[in-house]
Amino acid sequence: MQEPFQNTSPDAIAASPLIVPRPEHGISRANISENALKVLYRLKQENFQAHLVGGGVRDLLLGHEPKDFDVATDATPEQVRQVFRNCRLIGRRFRLAHVHFGREIIEVATFRGTTVASEGDDNDRQMENGRILRDNTYGTIAEDALRRDFTVNALYYNIADFSLIDYADGLEDIKAGRLRLIGDPEQRYREDPVRMLRAVRFACKLGFTIERQTEEPLFNLAHLLADIAPARLFDELIKLFHSGYGLGVFEKLRQYGLFGELFPATEDCLAREDQGFPLTFVSRGLANTDKRLHEDKSVTPAFLFGVLLWEPVRQRFEEYLAGGEAANEAMFLAASEICTQQQSLVAIPKRFSLPMREIWSMQPRLEQRDGKRPQRLVTHPRFRAAYDFLVLRAEAGEADPELAAWWTRFQEASGAERATMTEGSAKRRRRRPRRRKSGDATPGADATGVVKGGG
Ligand code: ATP
Ligand code: MG
């Protein structure tokens, strides 16, 4: 029906995979979500192939709890939809079936092939300058394995006989703690530059080393990220920074020059100050977020991006102040400028960028401690986040630790005590914080980095 196909890499397909039978591997159905099993069994019942694949298999083999379960099958998305009532087809670039069970979604992907569409056929793989724009070409499991990104992500758990299928030496790499791209690394990064970010993510998440040939191109290909849709980069950044190992991710992204491509204004500041407080500030902010995630506390992109973009905003703010603008206006202008620049690279949705800007705009307001102002500020919906932000700044040596401590006390104080505190501060002269170098930070209250009710 769909010919002629032009196979791009006929030699690339492993003829005979390693098949590990059920008694010889550690994957037990007891650790697979019931819903994933339901999907697998149901597809099998309908005479389709059905495998667990990707992060689920990888994490089970490593003894980690999988974040989600992905299924691969030879059924087309339309056929999957006919099997499951609770199913929705999503994605244009990469068409997938989502089978919904309450809050759990099992992602079902049809085996992708390695063929390139020729004119007039129904195939749908679109390339441009070596980049895959769209991939809805279906193929065999062997082809599907080789178009996956890393070898450790290309292991299949076959529901037909509970065996493990390995086309890409993924098992060996799992044992060695090694992250290796399938195929020619540079070509694979060019096909989809987000794989560079995925390399960093999995290296940090799994504690794996990136194999040399997979690592080498990372140092030179950061510029390819400029072509990725800003909304996709936002999603990927959330996965990178909101999974509990954000500090390690930040360091690796900088090491490969990827961070500068995503946050050029911040990278400029970091590069100029090297070991100074901007680096301390971002590092502490990310470490805090990691700690909160490990404690199952809430985190929000508003605070995260607030931290990542603060230094360029602060510097512009200071420049506007020096130019004679009032504090509120100076902050508004600085934030607008940096946000506009940033949005063209990474699309931060409004529901996060608005609270982020509020956190920033409250920073100069927290310096005003006279009269009724503090009382009003503590009732502001963004106060807690803004306060946490101030504490972080103080810990990094950029804001006055005495100011942060004052707000800590103010929140704990009774009504009468608060009145005394604001009277006292009315007479106090406003003092600009002394800039400190890292390692010189004064301990303040714990910066938690939380915005309650954030998404
Ligand atoms: P986790 O869900 O723990 O973040 P994962 O490996 O399951 O990790 P997903 O994004 O859920 O990652 O993708 C599922 C699988 O799809 C991957 O394991 C990989 O085999 C394949 N995959 C995902 N994104 C890509 C990509 N950009 N290029 C090639 N293969 C990909
Ligand atoms: Mg997954």
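Going along each chain's sequence as written, the residues are numbered from 1 onward. Whichever chain is written first becomes A and whichever ligand is written first becomes 1, with later ones labelled in order. The predicted nature of this model means local features are confined to residues of pLDDT at least 70 and side-chain atom pairs, given and counted, to a pLDDT of 80 or more, with totals for whole chains, interfaces and linings taken over all residues. Side-chain descriptors were evaluated using all non-hydrogen atoms of the structure, hydrogens and water having been removed beforehand.

- Labelled according to an unreviewed UniProt entry, the protein chain appears under the name Poly(A) polymerase I, originating from Thiocapsa marina 5811.
- Quoted verbatim from the Sequence similarities (unreviewed entry) field of UniProt, the annotation for the protein chain is "Belongs to the tRNA nucleotidyltransferase/poly(A) polymerase family." UniProt positions are given in the numbering used here, feature names are shortened, and annotations may be inferred rather than shown by experiment.

### Here's the deal with the site of ligand 1
Item 1. Residues in contact with ligand 1 amount to 17 residues; listed here are only the nearest, R58, D192, R195, R201 and K205.
Item 2. Contacts described as polar in this section are N or O atom pairs within 3.5 Å, which, within protein, must combine one atom able to donate a hydrogen with one able to accept it, while residues neighboring in sequence count only if both atoms come from side chains. G55 is positioned with one of its backbone polar atoms (N or O) 3.0 Å from an oxygen atom of ligand 1.
Item 3. In the model, an oxygen atom of ligand 1 is placed 3.0 Å from a nitrogen or oxygen of the R148 side chain.
Item 4. Elements that contribute at least two residues to the shell around ligand 1 include exactly α2 (55–61) and α7 (194–206).
Item 5. Counting from the N terminus, the helices are DSSP H or I runs at least four residues long and the strands are E runs at least two residues long. For the shell around ligand 1, the element with the most residues is α7, which contributes five residues. A cutoff of 4 Å decides nearness: a residue is near a molecule or strand if any of its heavy atoms lies inside that distance of it.

### A closer look at the UniProt feature "active site" (unreviewed entry) in the protein chain
Item 1. Following the UniProt record, the feature "active site" (unreviewed entry) maps to D68, D70 and D149 here.
Item 2. Of note, D70 is situated in strand β4 (residues 70–73).
Item 3. Contacts between residues were defined by any pair of non-hydrogen atoms, one from each residue, lying within 4.5 Å. Ignoring anything within four residues of it in the chain, the contact list for D70 reads H51, L52, V53, G55 and E107.
Item 4. Topologically, D149 is positioned in the loop between α4 (141–146) and β11 (155–158).
Item 5. Setting aside its immediate chain neighbours within four residues, D149 contacts R180, L181, I182, R188, R195, R198 and F202.

### Description of the packing of aromatic side chains
Item 1. A pair of Phe, Tyr and Trp rings is counted when the ring centres sit within 6.5 Å of each other, with Trp represented by its six-membered ring. The angle between the planes then sorts it: under 30 degrees is stacked, over 60 is edge-to-face, the rest tilted. Tallied over the full model, the rule gives 17 aromatic pairs.
Item 2. Between F383 and W407 the ring centres are 5.4 Å apart and the planes differ by 50°, which places this aromatic pair in the tilted class. Of this pair, F383 sits in helix α18 (residues 383–395) while W407 sits in helix α19 (residues 401–412), and the two are 24 residues apart along the sequence.
Item 3. Of the residues examined, W407 reaches a relative accessible area of 0% and is grouped as buried.
Item 4. Grouped by ring-pair contacts, the aromatic residues F234, F250, F259, F263, F305 and F352 constitute a single cluster.
Item 5. By definition, being over a ring means that NZ of Lys or CZ of Arg is both within 6 Å of the ring centre and within 35 degrees of the ring normal. It is R29 that lies over the ring of F162; its NZ or CZ is 3.8 Å from the centre.
Item 6. A cation over an aromatic ring shows up here: R418 above the ring of F410, its NZ or CZ 4.6 Å from the ring centre. Here the term buried applies to any residue with accessible area under 20% of the maximum for its type, exposed to any over 50%, and partly exposed to those in between, with areas from a 1.4 Å probe on protein chains only.

### Structural notes on the nonpolar core
Item 1. If you look at the biggest cluster of nonpolar residues, it comprises 100 residues, and the most contacted ones within it are L52, F241 and W360.
Item 2. Top element by residues in this core is helix α14 (residues 301–322). It accounts for 11 residues.
Item 3. Taken together, domain 1 (10–176) and domain 2 (262–437 + 447–453) each give at least three residues to this core, which thus spans both.
Item 4. Residue contacts for W360: discarding those within four places in its chain leaves F305, G306, L309, W310, V313, M331, A335, C339 and F389.
Item 5. Nine residue types can take part in a nonpolar core, namely buried Ala, Val, Leu, Ile, Met, Phe, Trp, Tyr and Cys, and a core is a set of them joined through side-chain atoms within 4.5 Å. Grouped together as the second largest cluster of nonpolar side chains are 18 residues, L366, V378, A404 and W407 included. What fixes the domain bounds is an automatic or database domain assignment.

### Some thoughts on α7
Item 1. Each residue after the first adds 1.5 Å to the expected span of a helix. Taking 1.5 Å as the rise per residue, α7 with 13 residues should run 18 Å; its terminal C-alpha atoms sit 18 Å apart, in good agreement.
Item 2. For α7, the full list of buried residues reads V194, R195, M196, L197, A199, V200, R201, F202, A203 and L206.
Item 3. A positive backbone phi angle near 70° is found at G207, which sits one or two residues after α7.

### Digging into the environment of A176
Item 1. For A176, the position within the fold is in helix α5 (residues 170–176).
Item 2. Sequence separation of A176 and T209 is 33 residues, and the distance between their C-alpha atoms is 9.0 Å.

### Regarding the sheet that holds strand β5 (residues 87–90)
Item 1. Strand order in the open sheet formed by eight strands is β2-β12-β11-β3-β4-β7-β6-β5, with mixed pairing between adjacent strands. Of all strands in the sheet, those bounded by a partner on one side alone are β2 (18–20) and β5. Across the sheet, the mean angle separating the axes of adjacent strands is 30° when strand polarity is ignored.
Item 2. Bridge analysis of strand β6 (residues 96–101) against strand β7 (residues 104–110) gives five bridges, and the strand direction is antiparallel. What sits directly across from V99, in β7, is I106. Two strands pair if DSSP finds at least two bridges between them. For helices, the axis comes from a line fit to the C-alpha atoms of the stretch in contact; other axes are also lines fit to C-alpha atoms, and the angle between any two N-to-C directions lies between 0 and 180 degrees.

### As for unusual backbone geometry
Item 1. Of note, the phi angle at N129 is positive, near 45°, even though the residue is not glycine.
Item 2. Overall, the relative accessible area of 74% leaves N129 in the exposed class.

### A closer look at the confidence of the model for the protein chain
Item 1. Across the chain, each position has a pLDDT score giving the predictor's confidence in that residue, from 0 to 100. In this model, the protein chain carries an average pLDDT of 89, and 87% of its residues clear a pLDDT of 70 or more.
Item 2. Considering only residues more than four positions removed or in separate chains, one finds that residues 1–10, a stretch of pLDDT under 50, has 15 contacts.
Item 3. Confidence drops under pLDDT 50 across residues 117–121; counting only partners more than four residues distant or on other chains, this segment forms six contacts.

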